[in-house]
Structure formats: structure tokens, C-alpha cells
Amino acid sequence: MAKVYAMLADGAEEVECLAVVDILRRCKIETVLVSVSETKSVVSSHNVKLEADATVEETDFSDGDVIFLPGGLPGAENLSACEPLIDALIQADKDGRRIAAICAAPGVVLGRHGFLKGRTATCYPGFEKEFQGGEYTKQGVVTDGNITTARGLGFAIDLGIELVRLLVSEEAAEDVKGKIQYC
């Protein structure tokens, strides 16, 4: 069974995170919410209190198939400043494991730290200035190699479905679309 680590930081966009997590869990993909704070409690960009399953300090990312980064501000900035997370992303990329990011996170985290060099990606318009050698596209969801990016909240369900397609199968992705009445 596939395993996804969904990162949470104070100021993260809650729906971007939880919509993807919902789709993954509906497809029986083990999904662990990980806080980059010292505690499991996180307050989202719209003041929604969320409780993570673990903190970054107590998480070993080596068994994960995907590390997922939601956007939102200052959430993406908080993710970008988390050294243990960046170290885990570097190792995941070296291992060829998947990394996914949405909204501001493709630019603020992945672009800023060099993960998008030579790749095509998308993000919330304006954050592409951080891509450092990556190519920006206005597509809603883009997978280039082991990195999948999405533009923003309006594409959160699409991102979840793309991850299901990549981790399970095209049939599983189509099945969950039908079950949630997604056109």
C-alpha cells in the first residue's frame, strides 16, 4: 500500500491540504499529517485548528511514497524554513520518490530549494518567479518526473486524483471521481 506524508504548517491553506488527503484516504492510501511545528496542533491560514498525526521531528520519511506540500501563506514559508523537511525532500528526490506541491508551495518550497531545475511545473500565479531554472506552465496539474504540482485550491481535487492515478491506477482514479460525483 502506498504511503503519503502530508505536511502541515501554521498558515497552510487547509482546503488544499485536506481535499488531497480526503481523496487519498478514500482510495485507501495511508496518509499521515505531519506538523513542522514543535506540536501536532496547527492553525491554518483561515484560522482553522488542525491536529496532525505526528511532528516532523518524530517522522521518518524514508518509507513514504510521496511528500505532499500544501500552499497558503505563511504556511509555504514555514514549510520552506523547516530544515528537517527540506532534508527529507532532498532524500526523496535522490531516491526518485514522489513530491507533490500546490499553490505557493511549488515556488516557495520546491523552486526556492532547487527541486524544479529543468522541470515543468505550475503554481499560483506570481510564485513562478522562485522556479530557479524550472519552466512555468498555466496548466492546473503537472507531473514532470517524480514531481507533481498544482496551481491552487481550485485544483486540489485534481491533484488528489492525479496522485491516486500515479500511486494506484487509472482505474482507481476514475472510480474515486465517480464516487465523489466529480465531472
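Thresholds, definitions, all that
Residues numbered from 1 in each chain as written. Predicted model: local features only at pLDDT ≥ 70, side-chain atom pairs only at ≥ 80, totals over all residues. Heavy atoms only, no water. Helix = DSSP H or I, 4+ residues; strand = E, 2+ residues; numbered from the N terminus. Buried < 20%, exposed > 50% of the residue type's maximum accessible area, 1.4 Å probe, protein only. Salt bridge = Lys/Arg side-chain N within 4 Å of Asp/Glu carboxyl O. Pairing = 2+ DSSP bridges. Core = buried A, V, L, I, M, F, W, Y, C linked by side-chain atoms within 4.5 Å. Phe/Tyr/Trp six-rings, centres within 6.5 Å; stacked < 30°, edge-to-face > 60°. Lys NZ or Arg CZ within 6 Å of the ring centre and 35° of its normal. Arc of directions from axis to C-beta. Contact = heavy atoms within 4.5 Å. Expected span 1.5 Å × (residues − 1). Polar contact = N/O pair within 3.5 Å; in protein donor to acceptor, adjacent residues only side chain to side chain. Right-handed = clockwise from strand over helix to strand, strands pointing away.

## Some thoughts on the environment of Pro125
- Of note, Pro125 is situated in the loop between strand E8 (120-121) and strand E9 (135-136).
- Overall, the relative accessible area of 42% leaves Pro125 in the partly exposed class.
- Between the C-alpha atoms of Pro125 and Cys103, which are 22 residues apart in sequence, the distance is 8.3 Å.

## A look at the pattern of salt bridges
- All told, the structure shown has 11 salt bridges when counted by the stated rule.
- In this structure, Asp63 and Lys3 form a salt bridge, with 2.8 Å as the shortest nitrogen-oxygen distance. Taken together, the residues Asp63 in the loop between strand E5 (54-55) and strand E6 (66-69) and Lys3 in strand E1 (residues 3-8) connect sequence positions 60 residues apart.
- Here Lys3 falls in the buried class, since its relative accessible area comes to 13%.
- Ionic contacts of the salt-bridge type, sharing partners, join the residues Lys3, Glu30 and Asp63 into one network.

## Remarks on the sheet that holds strand E10 (residues 141-144)
- Read from one edge of the open sheet, seven strands run E5-E2-E1-E6-E7-E11-E10, paired in mixed fashion. Two strands in the sheet have a free side with no partner beyond their single neighbour: E5 and E10.

## Focus on the nonpolar core
- Grouped together as the largest cluster of nonpolar side chains are 32 residues, with contacts concentrated most on Met7, Ile67, Leu69, Leu85, Leu89 and Leu110.
- Put simply, the parts of the chain that give this core at least two residues each are E1, strand E2 (30-35), E6, helix H2 (75-80), helix H3 (83-95), strand E7 (98-102) and helix H4 (105-111).
- Residue contributions to this core peak at five residues, all from H3.
- Counting residues in each nonpolar core, the second largest holds 30 residues, with Val20, Leu33, Ala156 and Val164 among its members.

## Overview of the packing of aromatic side chains
- Tallied over the entire structure, the rule returns three aromatic pairs.
- Taken together, a centroid distance of 5.0 Å and an interplanar angle of 70° make the contact between Tyr5 and Phe61 edge-to-face. Taken together, the positions of Tyr5 in strand E1 and Phe61 in the loop between E5 and E6 put the pair 56 residues apart, joining distant regions of the chain. Phe61 carries the same exposure label as Tyr5, and that label is buried.
- The residue whose ring lies beneath Lys129 is Phe127, and the NZ or CZ to ring-centre distance is 5.7 Å.

## Things to note about helix H6 (residues 170-179)
- Ala172, Ala173 and Val176 are the residues of H6 that are buried. Viewed along the axis of H6, the buried residues span an arc of 100°, placing them on a single side of the element.
- Looking at the packing, one finds that the buried side of H6 touches helix H1 (14-26) and helix H5 (156-167).
- Among the residues trailing H6, Gln181 stands out with phi positive, at a value near 65°.

## A closer look at H1
- For H1, which comprises 13 residues, the first-to-last C-alpha distance of 18 Å matches the rise-based estimate of 18 Å (1.5 Å per residue) to within 8%.
- At the N-terminal end of H1, a side-chain oxygen is found 2.7 Å from the backbone nitrogen of Val15, two or three residues along, and the residue is Glu13.
- Count one or two residues on from H1 and you reach Lys28, which has phi positive near 65°.

## Digging into the pairing of E2
- Counting buried positions along E2 gives five out of six residues, so the element sits mostly inside the fold.
- Strand direction decides the pairing type here: E1 and E2, joined by six bridges, are parallel. Bridge pairing in E2 places Lys3 opposite Glu30.
- The parallel pair E1 and E2 is bridged by H1, and the resulting crossover is right-handed.
- Pairing of E2 with E5 involves two bridges; the strand directions are parallel. Bridge pairing links Val34 to Ala54 in E5.

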